[in-house]
Amino acid sequence: MIRPEDLLHPTPAGLYCPPGDFYIDPVRPVDRAVVTHGHSDHARAGHGAVLATRQTLAIMAERYGADFTAREQAVEYGERTTLNGVELRLIPAGHVLGSAQIEVRWKGLTMVVSGDYKRRRDPTCALFEPIPCHVFISEATFGLPVFNHPLAEEEVARLVRSLGQFPERAHLVGAYALGKAQRVIKLLREAGWDRPIYVHGAMERLNALYEREGVDLGPLRTTRDLLKGSLGGEVAIAPPSAIQDRWARRFADPVTAFASGWMGVRARARQRGVELPLVISDHADWTELTDTFTELKPDEVWITHGREEGLLRWAEINGQKARALRLVGYDDEDDEAVSGPAEGSGEATAAS
Ligand SMILES: [Zn+2]
Ligand SMILES: [Zn+2]
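Thresholds applied
Residues numbered from 1 in each chain as written. Chains lettered and ligands numbered in written order. Predicted model: local features only at pLDDT ≥ 70, side-chain atom pairs only at ≥ 80, totals over all residues. Helix = DSSP H or I, 4+ residues; strand = E, 2+ residues; numbered from the N terminus. Rg over C-alpha atoms; globule rule 2.2 N^0.38 Å. Buried ≥ 20, exposed ≤ 12 C-beta atoms within 10 Å, placed from the backbone. Pairing = 2+ DSSP bridges. Right-handed = clockwise from strand over helix to strand, strands pointing away. Core = buried A, V, L, I, M, F, W, Y, C linked by C-beta atoms within 7 Å. Domains from an automatic or database assignment. Contact = placed C-beta atoms within 7 Å. Axes fitted to C-alpha atoms, helices over the stretch in contact; angles between N-to-C directions. Parallel < 35°, antiparallel > 145°, perpendicular 65-115°, else oblique. Left-handed = near helix turned anticlockwise from the far one by under 90°. pLDDT = per-residue confidence, 0-100. UniProt positions renumbered as here; feature names shortened; annotations may be inferred.

*Asks:* Teacher, can you tell me more about the overall build of the protein chain here?
*Replies:* The secondary structure content of the protein chain amounts to 10 helices and 19 strands. Relative to the 2.2 N^0.38 estimate, which gives 20 Å for 352 residues, the radius of gyration of the protein chain is 20 Å and therefore close to what a compact globule would have. Its C-alpha atoms give the protein chain principal-axis dimensions of roughly 65 × 45 × 35 Å. Counting only residues that meet the buried cut, the protein chain has 47% of its 352 residues in that class.

*Asks:* In this structure, what is going on with the pairing of strand 5 (residues 47–52)? I would like to understand it.
*Replies:* Sheet analysis places strand 4 (residues 32–34) next to strand 5, joined by three bridges and oriented parallel. Across the sheet, residue R32 finds its bridge partner in strand 5, namely A49. Both strand 5 and strand 6 (residues 69–74) contribute to a ladder of five bridges, which runs parallel. In the strand pairing of strand 6, A49 is matched with R71. For the segment spanning strand 5, helix 2 (residues 54–64) and strand 6, crossover handedness is right-handed.

*Asks:* Explain the nonpolar core here, please?
*Replies:* With 94 residues, the main nonpolar core has V34, V104, M111, V184, I237, A257 and L278 as its most contacted residues. With five residues, the top contributor of residues to this core is helix 4 (residues 180–190). The residue makeup of this core includes at least three contributed by each of domain 1 (4–146 + 283–350) and domain 2 (152–278). Discounting chain neighbours no more than four positions away, the residues touching V104 are L7, L8, C17, V86, L88, M111 and V113.

*Asks:* I would appreciate a short explanation of the packing of helix 2 against helix 5 (residues 204–212) in the present structure.
*Replies:* Packed helix pairs are characterised by how far apart their axes lie and by the angle those axes make with each other. Between helix 2 and helix 5, whose axes approach to 11 Å, the crossing angle comes to 155 degrees. Taken together, helix 2 and helix 5 sit at an angle that is classed as roughly antiparallel. The hand of the helix 2/helix 5 crossing is right-handed. Where helix 2 abuts helix 5, its residues A58, I59 and E62 lie against R205, L206 and L209.

*Asks:* Please explain the environment of L7 as it appears in this structure.
*Replies:* With respect to the helices and strands, the residue L7 is situated in helix 1 (residues 4–7). The spacing of L7 and W314 is 307 residues in sequence and 26 Å in space, taken between C-alpha atoms. Residue contacts for L7: discarding those within four places in its chain leaves I2, C17, P19, V104, W106, L109 and M111.

*Asks:* Where do I start with the confidence of the model for the protein chain in this structure?
*Replies:* Detailed reading of predicted coordinates is not advised where the pLDDT is low. Here the protein chain averages 92 in pLDDT, and 94% of its residues register 70 or above. Scored below 50 in pLDDT, residues 337–352 makes 21 contacts in the model with residues more than four places away or belonging to other chains.

*Asks:* Help me out: how do you make sense of the pairing of strand 9 (residues 100–106) in this one?
*Replies:* Looking along a regular strand, one sees side chains alternate from face to face of the sheet. For strand 9, a buried count of six out of seven residues is recorded, marking the element as mostly surrounded by other parts of the structure. Examined bridge by bridge, strand 8 (residues 86–92) and strand 9 share six bridges and lie antiparallel to one another. What sits directly across from I91, in strand 9, is Q101. Here five bridges tie strand 9 to strand 10 (residues 109–113), and the two strands are oriented antiparallel to one another. Bridging across to strand 10, I102 finds its partner in V113.

*Asks:* Would you explain the UniProt feature "domain: Metallo-beta-lactamase" (unreviewed entry) in the protein chain in this entry?
*Replies:* The UniProt record marks residues 27–140 with the feature "domain: Metallo-beta-lactamase" (unreviewed entry), using the residue numbering of this structure. A distance of 18 Å separates the end C-alpha atoms of residues 27–140, which is 10% helix and 39% strand.

*Asks:* I keep staring at the sheet that holds strand 10 and nothing clicks. Help me out?
*Replies:* Strands in a sheet are paired, the pairing made by backbone hydrogen bonds, and the direction either parallel or antiparallel. The seven strands lie next to each other as 7-8-9-10-11-18-19, forming an open sheet whose pairing is mixed. Only two strands of the sheet have a single partner each, and these edge strands are strand 7 (80–83) and strand 19 (322–324). Strand-to-strand, the axes of this sheet are offset by a mean angle of 25 degrees, without reference to chain direction. Where strand 11 (residues 135–140) meets strand 18 (residues 300–306), six bridges bridge the pair, whose relative direction is parallel. Following the sheet pairing, I137 is matched in strand 18 by W302.

*Asks:* Is there a simple way to explain the sheet that holds strand 17 (residues 276–278) in this structure?
*Replies:* Strand order in the open sheet formed by six strands is 14-13-15-12-16-17, and the pairing between neighbours is parallel. Of all strands in the sheet, those with a lone pairing partner are strand 14 (220–222) and strand 17, marking the two edges. Adjacent strand axes in the sheet meet at a mean angle of 25 degrees, parallel and antiparallel pairs treated alike. In the sheet, strand 13 (residues 197–199) pairs with strand 15 (residues 235–238) via two bridges, with the strands oriented parallel. Looking across to strand 15, one finds that V199 is bridged to I237. Strands in contact with helix 4 are strand 12 (171–174), strand 13, strand 15 and strand 16 (255–259); relative to strand 15, the strand with the most contacts, it is inclined by about 160 degrees.

As structure tokens, this is what we get:
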């Protein structure tokens with residue numbers, strides 16, 4: 001019987017598969033990469049070859065240009081493929097458009113690399129699919145019991161109520177440009193908001209890509225040509241950094257909102273001067289993480305990128321064999337946007 005470490009093990013460049021000779025989400029340029037999803041810490045330019053879903057490859061081409069890799073290999077969800085005798089399947093991860101878990105099978109051993117994932121419904125991407133495996137490698141962004149995300153639909157309902165309450169003020173929503181922005185727009189549509197939604201110029205290309213992939217976002221307008229002081233009672237969506245820079249100053253007395261799992265931490269919202277924090281996360285919260293482990297019951301859980309300690313403790317109490325991987329080079333897209341480079345990591349204990 002082979003050991004899991006023989007099939008996948010952490011290296012400074014990322015998770016490496018020796019028999020298949022490929023890396024998953026490598027953080028350095030490598031000959032052959034398998035990429036879980038399009039966020040820039042997982043999907044980097046400069047690899048010799050990239051295997052990913054068609055949507056993830058399209059996102060990478062949009063961000064880095066068509067020459068982001070020498071060779072692309074698009075694989076459909078559920079389709080079986082092999083690299084040097086190692087079997088691979090990409091399974092929906094429910095994180096953003098095109099996001100996939102990577103199932104790796106070799107000599108009777110099955111390992112699943114979750115990438116980033118969530119279990120909640122998201123109208124802009126396929127739902128996470130649980131796959132039985134010997135080893136499940138899980139992210140841990142919100143891996144502490146204090147993190148319990150409310151329903152995203154309820155958070156968007158709060159935004160719609162605020163628009164009714166303050167019809168003279170523009171509502172500026174900070175949202176990460178890949179995934180979060182399109183999810184917020186789509187949830188607004190589901191909540192009955194059919195007015196044009198204004199979007200920052202930096203989001204237009206990814207919005208168009210989602211539209212091409214069949215995610216109907218409704219009428220969108222660019223904020224580029226807007227006059228100062230306009231947009232009372234309207235919604236404008238922008239990357240989180242724009243909410244605090246010159247872009248936001250053209251709006252008179254706006255309501256600033258921010259859509260992130262970190263908005264559950266009141267200190268973070270205060271620090272950023274966010275008037276309307278919207279707790280909307282594309283990552284699994286504590287319950288989603290631990291429910292997933294309970295459901296899959298793998299022989300081992302490997303925990304990486306985030307708060308490993310709480311999940312290791314949970315595993316110990318619940319008789320689940322677990323270890324922390326300590327991969328480096330991944331940062332949560334929202335975390336970076338909320339905290340900025342200066343903040344330490346003690347925020348979780350301050351959460352309520
Ligand atoms: Zn991600
Ligand atoms: Zn990530």
